[in-house]
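# Close look at the chain arrangement
If you want the building blocks of each chain, they are given just below.
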Amino acid sequence: MSGNRDAAWFAEKLNDRTIRGIALETSALIRAGALPVGTKLPPIRDLAFALGISPATLSEAWSELRRQKIISGRGRNGTWVSGDRFINQPARLASAGHYGDHVLDLTSAGPDVQLLPQLEAAMAYGASAANLNSYERSRILPELEAAVRKTWPYEPEALLATNGGYNAVYTLINALVMPGAAVAIEDPTGMRLLDILEDRGARIIPVRCDEEGPLASSLEEAMKYRPVAFVFQPRLHSVTGQSVSATRMAKLAEILRDKDTLIVEDDGVADISAAPRQSMGHLYPDRVIHILSFSKTHGPDLRLAVLSSSRAIVDQIQSYRSFSAGWTSRILQSAAAWLLRDPATEACLDHARNVYAKRRAALIDALGEREVPALHGAGLCAWIPISSEPFAMVTLAARGIAVSPGAKFSILPSSHLRVVTATLSERLEEVADAIALAAIHT
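Everything in this summary refers to the structure shown in the same document. Model, not experiment: these values are computed from the prediction.

## As for the environment of Thr26
Within the secondary structure, Thr26 is located in helix 2 (residues 19–32). Between the C-alpha atoms of Thr26 and Asp258, which are 232 residues apart in sequence, the distance is 44 Å. Not counting chain neighbours up to four residues away, the residues in contact with Thr26 comprise Leu14, Leu35, Trp62 and Leu65.

## Points about the pattern of salt bridges
Tallied over the full model, the rule gives 17 salt bridges. Asp271 is the salt-bridge partner of Arg235, the closest N and O atoms lying 2.8 Å from each other. With Arg235 in the loop between strand 9 (229–232) and helix 11 (246–256) and Asp271 in the loop between strand 10 (262–267) and strand 11 (288–293), this residue pair connects regions lying 36 residues apart in the sequence. Here the salt bridges share partners, and the residues they tie into one network are Arg235, Asp267, Asp271 and Arg277.

## Examining the sheet that holds strand 13 (residues 381–385)
The antiparallel open sheet is built from three strands, whose spatial order is 13-16-15. The open sheet has two edge strands, strand 13 and strand 15 (404–405), and neither has a second partner. As paired elements, strand 15 and strand 16 (residues 416–420) share two bridges and run antiparallel to each other. Bridge pairing links Ser404 to Arg418 in strand 16. Relative to strand 16, helix 16 (residues 389–398) is tilted by about 35°, and along the sheet it contacts strand 15 and strand 16.

## Notes on the sheet that holds strand 11
Pairing is mixed in the open sheet, where eight strands are placed in the order 5-12-11-10-9-6-7-8. On the outer flanks of this sheet lie strand 5 (158–162) and strand 8 (213–214), each paired with one strand and no other. Helix-sheet contacts for helix 7 (residues 142–149) involve strand 5 and strand 12 (305–309), and the interaxial angle to strand 5 is about 110°.

## A closer look at the pairing of strand 9
In strand 9, alternate side chains face the same way, and those of Ala229 and Val231 on one face and Phe230 and Phe232 on the other are all buried. Of the pairings in the sheet, the one linking strand 6 (residues 182–187) to strand 9 comprises three bridges and is parallel in character. Within strand 9, the position partnered with Ala184 by the bridge is Phe230. Pairing of strand 9 with strand 10, which is carried by four bridges, proceeds in the parallel orientation.

## Some thoughts on the packing of aromatic side chains
Counting across every chain of the model gives five aromatic pairs. A ring pair is formed by Trp9 and Phe10, whose centres lie 5.2 Å apart and whose planes are at 80°; its orientation type is edge-to-face. Owing to a relative accessible area of 0%, Phe10 belongs among the buried residues under this scheme. Its end group placed over the ring of Trp152, Arg277 keeps NZ or CZ at 4.6 Å from the ring centre.

## Quick look at the side chain of Glu186
For Glu186, the position within the fold is in strand 6. At 9.1 Å, Arg248 is the nearest oppositely charged side chain to Glu186, a buried residue that forms no salt bridge. At 2.8 Å, the side chain of Glu186 forms a polar contact with the backbone nitrogen of Gln233. Those residues within four positions of Glu186 in sequence are excluded, and the remaining contacts are Val207, Cys209, Pro214, Phe230, Val231, Phe232, Gln233 and His237.

## Focus on the environment of Tyr166
Along the polypeptide, Tyr166 turns up in helix 8 (residues 165–176). The exposure class of Tyr166 is partly exposed, given its relative accessible area of 26%. C-alpha of Tyr166 to C-alpha of Arg192: the two residues are 26 residues apart in sequence and 7.5 Å apart in space. Once residues lying within four places of it in the same chain are set aside, the contact partners of Tyr166 are Arg192, Leu193 and Ile196.

The rules behind each value
Residues numbered from 1 in each chain as written. Predicted model: local features only at pLDDT ≥ 70, side-chain atom pairs only at ≥ 80, totals over all residues. Heavy atoms only, no water. Helix = DSSP H or I, 4+ residues; strand = E, 2+ residues; numbered from the N terminus. Contact = heavy atoms within 4.5 Å. Salt bridge = Lys/Arg side-chain N within 4 Å of Asp/Glu carboxyl O. Pairing = 2+ DSSP bridges. Axes fitted to C-alpha atoms, helices over the stretch in contact; angles between N-to-C directions. Buried < 20%, exposed > 50% of the residue type's maximum accessible area, 1.4 Å probe, protein only. Phe/Tyr/Trp six-rings, centres within 6.5 Å; stacked < 30°, edge-to-face > 60°. Lys NZ or Arg CZ within 6 Å of the ring centre and 35° of its normal. Lys, Arg positive; Asp, Glu negative; His and termini not counted. Polar contact = N/O pair within 3.5 Å; in protein donor to acceptor, adjacent residues only side chain to side chain.

What follows is the structure, encoded as structure tokens:
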């Protein structure tokens, strides 16, 4: 049975009294077994006094260990050692289930692989990309830059190829956002975006949304926290399937005028949406970061997205990338450029867009017939209001249907289900019946 350690014991063991030093030395003691899992830590005030530091300093160090899932608990019940090693993982994504063939899995919002373009010819072309196998950290191939600039929603100063849309967000957040800084983000939003912000230790400020996008009044309230960035999806919301209206976009832009907040525009669903691309880049080119992902449209294994911003911001992001890969595969960049020029790929995307729209609309119509209100829109998912998320999840699971609870996509209280429609080509009536039963809880 593990025992407790008093403040005097810690004072003898901890030599570096900075926030980082306390966190590192305490985690080392835990890994070495000197502080076994289950050990209760001294009260913050007692330990801070013994160490000769302020309680705020110790609290920050404990917050870092808590973020790493090494310690847990707070308040009157105390703080305990809960893990003996640092395992960094995205909490929301990691909680996704793995279902067998007997379950209809409507949780993974990926594209229908049958609707993706063939990659053989593109990859063969990409294998002869210019400067192939060089260690030169090129930011984007000229042919890919030329292809994407034709449809970019504004004239950007600099472009950068990344290893997918979430990689772009993860990289820019780590490059530009300090731990503890406030970040405003639309609510609901992509669960992986929340995972990224939580991993960085950002203070997440939710901005409420309606069918036209982030509410202007909620963004105004969020700006009181002086967020370093505002993250939203202007073209098509990956969770709700709604697009920001031109009127709402103008109101949001006005609120952001004369601020120094970075504006991160995430176009993750891309040309699956028939809506025109829009950006504040023409208004605020020095602080807009616009991201276009090709994963949903051209294939997840293409592992490609392109972001734009000012040259100074792209320089900062690229500097952070130098710690890891440094550049995105020239083979994949060249293949993407080939696909963007290929008429057959464009026709394939047009077909996929129509199929996705019909599948989503069919579920929304079927739910409407069953008096379950849900908004028409576009994309790969439907956002369905319900009375109780736990009741709905259990009800659907009992019928062999897996969906995602709205809480995964929200900081605020939620009573929704996110149901993937991208692959829902069969069992539509069965799914609609089950959701109708699950939506009402008295």
